[in-house]
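Overview (structure and organization)
One-letter residues, chain by chain:
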Amino acid sequence: MADLHGRGRPRSTGTLLCARCHQLVPKIRVHWPEGAVCGACFTHAANNHGVCAHCNTDRLLPGRSAADEQICKDCAGITTGLACDKCGREGERIRGGLCAACVVTHDLTTILKPGNPPDLRLHRLIKALAAVDRPQSITTWARGQAAADLLRGLGDRTLTLDHAAFDALPPSPAVEHLREMLVSQHTLPDRGDVHLTRFQAWLETRLSTFRERPHIHQPLEQFARWHHLRGLRADPAPADMDYATRHAKQEITEAGKFLVWLDDEHHTHIDDLKQEHIDLYWSEGTSTRKHIRGLLLHRKLIGRKNALTAKARQGVTTPSESTADRLDAIRRVAQADQVASGTRVAALIFLLYGVPIGKIVALQTSSITTTVHGMTINLGPQPAPVPEPLVPMFTDHLTDGIRTGTTNNQSPWLFPSTRAGHHITGNTLWNRLTIFDIHPQATRNTTLFDIAKELDPASMAALLGYTKKAMAGHAARAGTTMGSYPATRPTRR
């Protein structure tokens, strides 16, 4: 049977044998007709709904027949109480004979006091949180100190349901998680992209540290607002707002450091900059100092008509690995049944197509299409084919893997976050992919190198969403500027 213990804390080893998973465990939860059942297997069984293989009824399927079929408790002869005393729904009873949904409703009603004074928004919030696929996750979250304090604030009405009240709180992941949960339930209005909102708050704090030094504050504010903030607010918005705001923060931070250095060490304003200042600043510090180039370009201090120069950083080498290493990585991912489907599908998209991680995390379920001709994924103007042996894995993820068990279950994202309304971040995905020993830049270069041997740059750009110029560079490194890919090239219909 599938590995039921691939997530969460590592299970303890004991001396008692579970008849369901056949592993040695320290404690047995229940004894059923098939034998002793451990806690993990019981929890899985008590949350497994479907159609009984024996009586053909749609209900909880905690039992297993001699042929390992999933069957209901009556057909299995299970007498354990598996129905909520309040709502009657079959499932695991987690406290006082109540299911997790009823426990969530009881606990949040006690904390939030939606009827005192009456507040329909709190009633809707409680109902929505109790209706998630895994209400146990809500009880776990609500027990945390940070979440409990916020919920009590809503309950005693010291924290009002508006963005201004949340903005006044000390910034924290707990505050933003609750805010996004309220936005997803339409209790708070949507203020747009969360990364842009956070960047604007960060920018105000950053600029405020220089208000007593106007000769630094003015050029830094102009650079931050007129260059970066205007670019982030552009229509269309950056494809990867998370990366775009991180990049903007780094350039603004480095620009501030440079302006302080000019003032403290040389008593010089940015408009009086000389070449020796640039050369000295770059020679003394780390490579991150190169990020001041954006500030210099913005103030038109460097360029074709200016005597000052500040060359952009260029990679000395193009890291890559062998095609055999890449194919071995694809094989490892395909065979890693114990790993969550979302991690495997994301890894395969990266290994098969060389798409940037920032673009992968922002894919929506609608990006994948299945027809009688096979499965495709939209990464560029023309759909790219998904290899037939991997289609079942993609299908399984679309069917079950995208369900987070939280308020984000209705999300359109292919890789949803546990945070309501959002997909996972690029950093989160990279942390997950480390288990496959994938080397980001080297693997991506090898993938594009291999594809360039089969496809011409224009077709690569259409399939993968890159520019023709970028694909021409990979084709040149592959030693071929034109090619064909008859086995997988999609046909127009």
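Remember, it's a predicted structure, so these values are computed and weren't measured experimentally. Along each chain, the written sequence defines residue order, and numbers are assigned to residues from 1. Residues qualify for local features only when their pLDDT is at least 70, as the model is predicted, and side-chain atom pairs are given and counted only at 80 or more; totals for whole chains, interfaces and linings, by contrast, use all residues. Just so you know, side-chain values use all the structure's heavy atoms and leave hydrogens and water out.

Once that is clear, we can look at the overall build of the protein chain. The helix and strand inventory of the protein chain stands at 21 helices and 13 strands. Across the 493 residues in the protein chain, those meeting the buried criterion constitute 45%. Residues count as neighbours in contact if any of their non-hydrogen atoms are within 4.5 Å of one another. Sequence separation of 24 or more characterises 51% of the internal contacts of the protein chain that already satisfy a separation of 6 or more. Only DSSP runs of H or I covering at least 4 residues are called helices, and only runs of E covering at least 2 are called strands; the numbering of each starts at the N terminus. For each residue, the accessible area found with a 1.4 Å probe, counting protein chains only, is set against the maximum for its type, and the residue is called buried under 20%, exposed over 50%, and partly exposed in between.

Axis definition: a line fit to C-alpha positions, over the contact stretch in the case of helices; interaxial angles, taken between N-to-C directions, run 0 to 180 degrees. Axis separation between helix H3 (residues 100–112) and helix H4 (residues 120–130) bottoms out at 9 Å; the angle between their running directions is 155°. Compared by their axis directions, H3 and H4 come out roughly antiparallel. Here H3 runs over H4; the crossing is right-handed. In this structure, H3 uses Ala101, Val104, Thr105, Leu108, Thr109 and Leu112 to contact H4, whose residues at the interface are Leu122, Leu125, Ile126, Leu129 and Ala130. Class assignment of the residues belonging to the contact of H3 with H4 gives a composition of nine nonpolar, two polar and no charged. Every angle not falling under 35 degrees, over 145, or within 65 to 115 is termed oblique; those three ranges are roughly parallel, roughly antiparallel and roughly perpendicular. Crossing handedness: left-handed means the near helix sits turned counterclockwise from the far one by under a right angle, and right-handed means the same turn made clockwise. Residues were grouped as follows: Ala, Val, Leu, Ile, Met, Phe, Trp, Tyr, Cys and Pro as nonpolar; Asp, Glu, Lys and Arg as charged; and all remaining residues, including Gly, as polar.

To continue, consider the layout of surface pockets. Rolling a probe over the atoms, with the probe sized like a water molecule, indicates the empty space that remains. Both cavities and pockets are sets of points on a 1 Å grid over the protein atoms alone; in a cavity a 1.4 Å probe fits but cannot get out, in a pocket the set is open with protein on both sides within 12 Å along at least five of seven lines, and lining residues sit with an atom within 4 Å of a point. Grid points are joined across faces, edges and corners, and a volume is the space filled by probe spheres set on the points. Taken as a whole, the second largest pocket encloses approximately 1100 Å³ of empty space. Glu180, Asp193, Val194, His195 and Arg198 are the residues nearest the centre of the second largest pocket, which is lined by 44 residues in total. Listing elements by their share of the lining of the second largest pocket, those giving two or more residues are helix H7 (163–167), helix H8 (173–184), helix H9 (194–208) and helix H11 (241–266). The dominant element in the lining of the second largest pocket, judged by the number of residues it contributes, is H9, at eight residues. Within the lining of the second largest pocket, the residues separate by chemical class into 17 nonpolar, 14 polar and 13 charged.

Another point: the environment of Asn48. Mapped onto the elements, Asn48 comes out in the loop between helix H1 (39–45) and strand E5 (49–51). Taking the relative accessible area as the measure of exposure, Asn48 reaches 15% and is therefore buried. C-alpha of Asn48 to C-alpha of Glu92: the two residues are 44 residues apart in sequence and 9.7 Å apart in space. Among all residues touching Asn48, those that are not within four sequence positions of it are Arg59, Leu60, Leu61, Arg64 and Gln70. N or O atoms within 3.5 Å of each other form a polar contact, as long as, within protein, one can give a hydrogen and the other can take it, and as long as residues adjacent in sequence are counted only when both atoms are side-chain atoms. Side-chain polar atoms of Asn48 contact the side chain of Gln70, separated by 2.7 Å.

Pairing between two strands is assigned when DSSP locates at least 2 bridges connecting them. In spatial order, the strands read E11-E12-E13; together these three strands make up an open sheet with antiparallel pairing. Looking at strand neighbours, the two that pair on one side only are strand E11 (368–371) and strand E13 (384–385), the edges of this open sheet. Two elements, E11 and strand E12 (residues 374–377), share four bridges in a ladder whose sense is antiparallel. Looking across to E12, one finds that Thr370 is bridged to Met375.

Once that is clear, we can look at the packing of aromatic side chains. The pairing test for Phe, Tyr and Trp rings, Trp by its six-membered ring, is centres within 6.5 Å, and the orientation test on the planes gives stacked under 30 degrees, edge-to-face over 60, and tilted for anything in between. The final tally for this structure, using the stated rule, is six aromatic pairs. The interplanar angle of 20° and the centroid separation of 6.0 Å between the aromatic rings of Phe258 and Trp261 together place this pair among those described as stacked. A residue pair is termed a helical-turn pair when its members lie 3 or 4 positions apart in one helix, as Phe258 and Trp261 do in helix H11 at three residues. Ring-pair connections join several aromatic residues into one group, and the members of that group are Phe258, Trp261 and Tyr281. Just above the ring of Tyr281 sits the side chain of Arg289; from NZ or CZ to the centre is 4.0 Å. Lysine NZ or arginine CZ positioned within 6 Å of the ring centre and within 35 degrees of the ring normal marks a charge as sitting over the ring.

Worth remembering: the numbers are spatial, not functional.
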